[in-house]
Amino acid sequence: MSTDRYNAREAEAHWQKTWDERGIFATPNADSRPKYYVLEMFPYPSGRIHMGHVRNYTMGDVVARYKRAAGFNVLHPMGWDAFGMPAENAAMANKVHPKTWTYANIATMKKQLQTMGLSLDWKREVATCDPSYYKHQQKMFLDFLKAGLVERKQSKVNWDPVDMTVLANEQVIDGRGWRSGALVEQRDLTQWFFKITKYSEDLLKAIETLDRWPEKVRLMQKNWIGRSEGLLVRFVLDAKTTPNGEDELEIFTTRHDTLFGAKFLAIAPDHPLARAMAAKNPALADFIAQAKKVGTAQEAIDKAEKLGFDTGIRAVHPFDATWTLPVYVANFILMEYGTGAIFGCPAHDQRDLDFVNKYGLGNTPVVCPPDVDPKDFVITDTAYDGDGRMINSRFLDGMTFGEAQEEVAKRLESQTRGNRPVAQRQVNYRLRDWGISRQRYWGCPIPIIHCEKCGVVPAPEKDLPVVLPDDIEFDRPGNPLDRHPTWKHVACPQCGSPARRETDTMDTFVDSSWYYTRFTDPWIETAPTDRPMADKWLPVDQYIGGIEHAILHLLYSRFFTRAMKATGHVGIDEPFAGLFTQGMVVHETYRKDNGTWAAPTEIKIEGTGEARCATLIATGEPIEIGPIEKMSKSKRNTVDPDDIIAAYGADTARWFMLSDSPPERDVNWTEQGVQGAWRFVQRLWRLIGEAAEIAKTAPAAAPANFGDDALAIRKAAHRALARVTGEIEKLHFNVCVAHIYEFANALQAALTEAKGGAASRPDFTHAVKEAADILVVLFHPMMPHLAEECWAALGHGGLVAEAPWPVVEADLLVEDTIALPVQVNGKKRADVVVPRSAGKDEIEAAVLALDAVKRALDGKPPKKVIVVPQRIVNVVA
Ligand code: ANZ
Ligand code: ZN
């Protein structure tokens, strides 16, 4: 071994170059080994990688390297989710073109990723902003259109008046645009939609098949799809009270058991009946305009005060022609859900209760909780939405609410009005179609042309890609594409007359909904995928990313594979067979006297435990050590991966990321922790150096017999091998790390304690060589550079990155001693370690020789010793 100290900086650059030159991570598409596709969520090129990336990509890399060693042909690609608003904002702020900004960021971040030593196939790199990528997205848009999976419709949208764009509901936070902070308005816009709701039932059912997904994510998806079974009920309207003689209103309910508790009907502000009434009633028109000021987001609607407007229309109760109910327009009814109309039962629905309490309509409880006397049951401010028996409900009284629902459904289904049943069962989903139109420049153009004569005309496929123009101005808010002097003016492909391009671009979630299919063959120019290659590689075996994508990205991707299957581009429904959501990287925060934050690099920490205190390096000013929080720019508690890699090397950063906590939990980044990892790197290096010295003389073939010391080393090695293999398969990286520590310690101890001529015995040298080799292979997925350096030191010609995963010798796993708990008069006093083959007498003798047992017996002989073989020893005093 040349030096004592491992020089990470030199070694890491050297091995990265070697891997690159030998092209060992370029994945052949034609290969007979079984396939394994591991993918981490690709990054948005925001400028620099952060510690969250480091954690995410390290985990994926461990899996990739392990699976490669285990004999798989591994696909482990990387790309860039490169369209989006930040590029446009940068363009506005810094006068730099979004394309320039994005590609510069990609170049920087790619270099950073390369210093991490990730085993990626960079030949497959894609950037979603590249016409060679979005060309295929446009093709799929047209295919989906033909297949009836795309629709253009008017819809209510959240409009951000500052950014002048449509926002998704998730981008509206407390009624404000997530980026601009402006109060969001509702607008009606004609938008393009992907018809994800066509697959509602399928997307829901198939969640059951995703058995390698976190339960949490499956539940979130289920709730998002939100299936509910209910009843459509046609209420008769008193036509004398309606604006144009309308005589019926259909509502949707999931609680038809509560029909006798109804106090009012309510319709959405843009329900046709509301519009018709508003045309004749200016006060109502005003009310409707006000209601629309709240965005379309569920959250915003739920939070807003419940307001209503009595239309004067009266509805008739379906079970009692003499009972009429007022019809309100209410701001909490959504037009897009059910029928946009409800009956309100205040006793059992909180919103309805708030509503009646405001408008003095009263309530009648109809479901009585168990153990409550109906006579005493009153509702004032809190609605009761639990289980119980029916009361105040005529023929339903005494039934459970389930029975009551069934009874109501049956009766109303069999009544007819104008040849149609009065009620009909219906399944509803919360899931809405996916509006993909964005009024932005930096996105994939929607390949559509609007012609006055022909209407909506798809761009001809031969004209794809519809490329974004480069000469573009960002001097004003709004959609720069729309303002471009020439780009949108084209001839209609059908009739040749002057026509206009669609200037909306696609939601960037579209870009990320299919990139994993493109990686299977990113070279094919004629189609989004090369079917045989897509069929070979998909689904992704292990997908790894943040929980923040648990709903939309994953649901959209699940929709996309279905739509791509329907249009012949893939053969699968479910894109991700295994999903893992990693925790965040967190760090202490440091607060200055004036309330602003200090960065970790700006402060000095002294003392430990309770006595830890921090000062600002520049001024000596004391700094308050704040809580541990997610690394964020706003709290300035970030550490820069570049700094860490420069100071300690990528292996140390990778090792620490994996070692400290279970991968699904948050990991607390600390300087001590990193230093600990760095010391372990050095220790491994010295240990392998020592082992290599001994291993030099090891015989090529295994000796027939091994001495006790050599056998102990072999056992430790194979035990570690078996454990790490098992844990790495389960992605329990921190447990792998613990086993590697333990094994390294055991090997170190064995070398230190080696007696006399051990180092010249072939069985010993062989065992040491075998153990050192196994150790290096085991930590190679986590610390690949150090592993290569060690592998070379151990005299191997090839690369550890290409070495096979060792095979466990099962007979070395059998423990030859066993520990049995020892009780004296029923109380556990000690454990006794005996040979597994020990007989009763031998065990008894060993037990009585234990100090703890002697003390408990106080020098007297025991009355009895009961040995339960392989389990326990009871001593009766
Ligand atoms: C009467 C009733 C009584 C209701 C009661 C609830 C409790 P899920 O289960 O999520 O599907 N609803 C129906 N359409 C609506 C719309 N467009 N906007 C707002 N609310 C609407 O929710 C179904 C319930 O939500 C329905 O059942 C309806 O109120 C309301 F004690 O009908 B219910
Ligand atoms: Zn035309």
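Quick look at the structure, then. (Residues numbered from 1 in each chain as written. Chains lettered and ligands numbered in written order. Predicted model: local features only at pLDDT ≥ 70, side-chain atom pairs only at ≥ 80, totals over all residues. Heavy atoms only, no water.)

What to know about the coordination of the zinc ion (ligand 2)
- Every protein donor of the zinc ion (ligand 2) is accounted for by Cys-451 (SG), Cys-454 (SG), Cys-492 (SG) and Cys-495 (SG), and the metal-donor separations fall at 2.2 to 2.3 Å.
- Here the zinc ion (ligand 2) is ringed by four donor atoms whose angles at the metal span 107 to 112°, and the overall shape comes out tetrahedral.
- Linear spacing of the donor residues for the zinc ion (ligand 2) on their chain is C-x2-C-x37-C-x2-C. With a gap of 41 residues between them, Cys-451 in strand S23 (residues 448–451) and Cys-492 in the loop between strand S25 (489–491) and strand S26 (498–501) connect regions that are remote in the sequence. Per residue, the accessibility class of Cys-451 equals that of Cys-492, and both read buried. (Donors = N, O, S within 2.8 Å, 3.2 Å for Na, K, Ca; no water. Tetrahedral: all angles 85-135°; square planar, octahedral: opposite > 155°, others 65-115°. Helix = DSSP H or I, 4+ residues; strand = E, 2+ residues; numbered from the N terminus. Buried < 20%, exposed > 50% of the residue type's maximum accessible area, 1.4 Å probe, protein only.)

Describing the packing of aromatic side chains
- Inspection of the entire model under this criterion finds 46 aromatic pairs.
- Between Phe-144 and Phe-559, the ring centres sit 6.5 Å apart and the planes meet at 75°, which makes this aromatic pair edge-to-face. Taken as a pair, Phe-144 in helix H5 (residues 131–146) and Phe-559 in helix H17 (residues 552–566) lie far apart in primary sequence, 415 residues in all. Each member of the pair, Phe-144 as well as Phe-559, is classed as buried.
- Taken together through their ring pairs, the aromatic side chains of Phe-141, Phe-144, Trp-192, Phe-194, Tyr-199, Trp-434, Phe-509, Tyr-556, Phe-559 and Phe-560 make up a single cluster.
- Taking NZ or CZ as reference, Arg-430 lies 4.2 Å from the ring centre of Tyr-337, over its face. (Phe/Tyr/Trp six-rings, centres within 6.5 Å; stacked < 30°, edge-to-face > 60°. Lys NZ or Arg CZ within 6 Å of the ring centre and 35° of its normal.)

Here's the deal with the pairing of strand S37 (residues 827–835)
- Of the pairings in the sheet, the one linking strand S36 (residues 817–824) to S37 comprises eight bridges and is antiparallel in character. Residue pairing in the sheet places Gln-823 in a bridge with Lys-828 of S37.
- The antiparallel hairpin formed by S36 and S37 contains two residues in its connecting segment, where Asn-825 sits at a positive phi of about 50°. (Pairing = 2+ DSSP bridges.)

Considerations on the layout of surface pockets
- Counted as a void, the second largest pocket has a volume near 640 Å³.
- When contributions to the lining of the second largest pocket are tallied by element, the ones reaching two or more residues are strand S11 (248–253), strand S15 (341–344) and helix H11 (350–359).
- Here the residues of the lining of the second largest pocket are counted per class, giving 11 nonpolar, 11 polar and six charged. (1 Å grid on protein atoms, 1.4 Å probe; cavity = no way out; pocket = protein on both sides within 12 Å on 5 of 7 lines; lining within 4 Å. Points joined across faces, edges and corners; volume = space filled by probe spheres on them. Nonpolar A, V, L, I, M, F, W, Y, C, P; charged D, E, K, R; others polar.)

Quick word on helix H7 (residues 215–225)
- Residues Val-217, Arg-218, Gln-221 and Ile-225 constitute the buried set of H7. The buried residues of H7 occupy an angular sector of 100° when the element is viewed end-on, so they sit on one face. Seen from the open side of H7, the exposed residues pointing more than 90 degrees away from its buried face are Lys-216 and Asn-223. (Arc of directions from axis to C-beta.)

Examining the nonpolar core
- Core analysis: the biggest nonpolar cluster contains 180 residues, and Phe-141, Phe-194, Phe-560, Trp-669, Leu-775 and Phe-779 have the highest contact counts within it.
- Other than its neighbours up to four places away in sequence, Phe-194 contacts Phe-141, Phe-144, Leu-149, Val-150, Asp-433, Trp-434, Ile-436, Val-510, Phe-559 and Phe-560.
- By size, the runner-up hydrophobic cluster in this structure holds 40 residues, among which are Leu-231, Leu-249, Phe-260 and Val-367. (Core = buried A, V, L, I, M, F, W, Y, C linked by side-chain atoms within 4.5 Å. Contact = heavy atoms within 4.5 Å.)

As for the site of ligand 1
- Surrounding ligand 1, one finds 18 residues, the nearest of these being Ser-228, Thr-253, Leu-334, Tyr-337 and Arg-430.
- Between ligand 1 and Thr-253, the relevant distance is 2.7 Å, taken from an oxygen atom to a side-chain nitrogen or oxygen of the residue.
- In the environment of ligand 1, a nitrogen atom lies 2.7 Å from a nitrogen or oxygen atom belonging to the backbone of Leu-334.
- Relative to its unbound accessible area of 650 Å², ligand 1 is 88% covered by the protein chains.
- Under a 2 Å grid-point criterion requiring more than half of the atoms, the pocket assigned to ligand 1 is the second largest pocket.
- Contributions of two or more residues to the shell around ligand 1 are made by S11 and S15. (Near = heavy atom within 4 Å. Polar contact = N/O pair within 3.5 Å; in protein donor to acceptor, adjacent residues only side chain to side chain. Areas by Shrake-Rupley, 256 points an atom, 1.4 Å probe, with all protein chains shown as cover. Sits in = over half its atoms within 2 Å of the grid points.)

Bear in mind that shape data such as this cannot, by itself, settle questions of function.
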